[in-house]
Amino acid sequence: MAGFFGFFDYTRPGPGVPKDAPPKPPIIVFFEILQRKFWNFVKINLMFLLFNLPAVLAGLLVMITFFFFPNIFPDAVQNPDSMFNDLMMKFILLTVMMCVPMITTGPAQAGFTYILRNYSREEHAFIWGDFKDAAKTNLKQSLIVSTINFFVTFMTIKSIQAYWILIDIGQIPEIVGLVGLTVMFMLLMVFACMNIYIYPLMVTFELSLKQLYKNSLIFAVIKFLPNMGILLLVAFIVFLSFGLVIPFFTLIGFIPYLLLIFSLTGFITNYYAYPKLKKYILSQLEEDDDDDGDEDDDEDDADGEDDDMSEDEGPDDGEIKKARDEERASDPGQGTGSGIVGDDGIRRYF
């Protein structure tokens, strides 16, 4: 007997899902997928970190260089504790930018996004096979995108830093500096929102680089407030993991960093972004296909009507020909060509 007195018998079929059952709320579906695919998320996270190592190293190199990114704690140079805290804070901020993803290794991010996009629409994905195929298919474009994103991100941060320093030393009027800071910060936020959509668009549609950024910008602007909510949620998860929300020893944060942070936040962004792509792009493409199908049907109907007309005209033509033959039979002088009299005594012309 399977199970224990009939309990815990996993070989029995479940009750199934009723045909008329209402669709589950998206938040319920999200946690169901997360539960079913949990160990896959762990595998994906480890694989993502392995192939994203170049982006991690490049980001750290830029952030620990004072010229590009100043110390967050002013006494970091003199105080070892402050130096450790400064390095950890920069690492945490880099993690947030990789989760969005503003800084990443393009092909790895394309493969990573393809798998999580499939999970978000409840489709199967082979972790290694689909990762490799998506990375290979989008190799050139993803490398260009990751390079652009890397430089735009850090140049925007550098501009914010420059305005801050100029205000501090009094080189520009405070109001001008504040306006500049606001503009650059808003540009950074819009660009971060764009990155929610860039890779899902890349792995779902065949778009040029210009179309990719244009459509991402449109989604970033028209859904700005919900996009900002997703960015804040991603930042909250990273800060929570490293003890910045509920205080605990910061190094414990490397456990979720290695096992879950990237796959979880990546799933959140894809689960959020894909319905937008489906609503505003895929549904429109399907409507266009339906319209084309209707036009083809109309053309087929028109052809059918022409065929019917030809069939209707056919008997008339036959009757006319028959009448002419009868006239020729009755009047041997009609017609052209040589005439031959048959056994029945009727002359026929050829």
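The model shown is predicted, which means the values in this text are computed figures rather than measured ones.

What counts as what
- Residues numbered from 1 in each chain as written.
- Predicted model: local features only at pLDDT ≥ 70, side-chain atom pairs only at ≥ 80, totals over all residues.
- Heavy atoms only, no water.
- Helix = DSSP H or I, 4+ residues; strand = E, 2+ residues; numbered from the N terminus.
- Phe/Tyr/Trp six-rings, centres within 6.5 Å; stacked < 30°, edge-to-face > 60°.
- Buried < 20%, exposed > 50% of the residue type's maximum accessible area, 1.4 Å probe, protein only.
- Salt bridge = Lys/Arg side-chain N within 4 Å of Asp/Glu carboxyl O.
- pLDDT = per-residue confidence, 0-100.
- Contact = heavy atoms within 4.5 Å.
- Axes fitted to C-alpha atoms, helices over the stretch in contact; angles between N-to-C directions.
- Parallel < 35°, antiparallel > 145°, perpendicular 65-115°, else oblique.
- Left-handed = near helix turned anticlockwise from the far one by under 90°.
- Nonpolar A, V, L, I, M, F, W, Y, C, P; charged D, E, K, R; others polar.

Novice: Lay out unusual backbone geometry with the relevant residues and their values.
Specialist: A cis amide bond links Val 100 with the next residue in sequence, Pro 101, at an omega value of 5°. One can find Pro 101 in the loop between helix 4 (80-99) and helix 5 (106-120). The phi angle at Glu 122 is positive, at roughly 60°, despite the residue not being glycine.

Novice: Quick one: what's the story with the packing of aromatic side chains, residue by residue and with numbers?
Specialist: Enumeration over the complete set of coordinates arrives at 24 aromatic pairs. Between Phe 91 and Phe 254, the aromatic rings sit 5.3 Å apart at their centres with planes inclined by 40°, giving tilted as the arrangement. With Phe 91 in helix 4 and Phe 254 in helix 11 (residues 254-259), the pair connects residues that are 163 residues apart, well separated along the chain. Ring centres of Phe 150 and Phe 151 lie 5.8 Å apart, and the angle between their planes is 85°; this geometry places the pair in the edge-to-face category. Among the residues examined, Phe 151 registers a relative accessible area of 53% and is labelled exposed. An aromatic cluster is built from Phe 48, Phe 91, Phe 112, Phe 242, Phe 254, Tyr 257 and Phe 262, whose rings are joined through pairwise contacts.

Novice: Can you lay out the pattern of salt bridges for me, pointing to particular residues and giving the numbers?
Specialist: On inspection of all chains with the given rule, the structure shows 3 salt bridges. As a salt-bridge pair, Glu 32 and Lys 24 come within 2.8 Å of each other at their nearest N and O atoms. Taking the relative accessible area as the measure of exposure, Lys 24 reaches 48% and is therefore partly exposed. Across the salt bridge formed by Arg 121 and Glu 123, the nearest N and O atoms sit 3.0 Å from each other.

Novice: If you had to explain the confidence of the model for the protein chain to someone new, which residues and values would you point to?
Specialist: Confidence in the prediction for the protein chain averages 79 pLDDT; 73% of positions are at 70 or higher. Overall, residues 305-342 carries pLDDT values under 50, and its contacts beyond four positions in sequence, including any with other chains, amount to 26 contacts. Predicted confidence for residues 346-350 stays below pLDDT 50, and this span has 23 contacts to residues more than four positions away or in other chains.

Novice: So what's going on with the packing of helix 5 against helix 7 (residues 139-168)? Which residues, and what values?
Specialist: Where helix 5 contacts helix 7, the axes come no closer than 7 Å and their chain directions differ by 115°. By the criterion of interaxial angle, the relationship of helix 5 to helix 7 is roughly perpendicular. Helix 5 and helix 7 meet at a crossing whose hand is right-handed. Where helix 5 approaches helix 7, its residues Gly 106, Pro 107 and Ala 110 are matched on the opposing element by Leu 139, Ser 142, Leu 143 and Ser 146. Residue composition of the contact of helix 5 with helix 7, grouped by class: 4 nonpolar, 3 polar and no charged.

Novice: So, the side chain of Thr 95: which residues are in play, and what are the values?
Specialist: Inspection of the secondary structure assignment puts Thr 95 in helix 4. Note on Thr 95: relative accessible area 1%, which makes it buried.

Novice: Hey, could you go over the environment of Leu 231 for me, with residue numbers and the actual values?
Specialist: Tracing the chain through its elements places Leu 231 in helix 10 (residues 224-241). Along the sequence, Leu 231 and Cys 99 sit 132 residues apart, while their C-alpha atoms lie 9.2 Å from each other. Not counting the four nearest positions on each side in its chain, Leu 231 is found in contact with Val 100, Met 189, Ala 192, Cys 193 and Ile 196.

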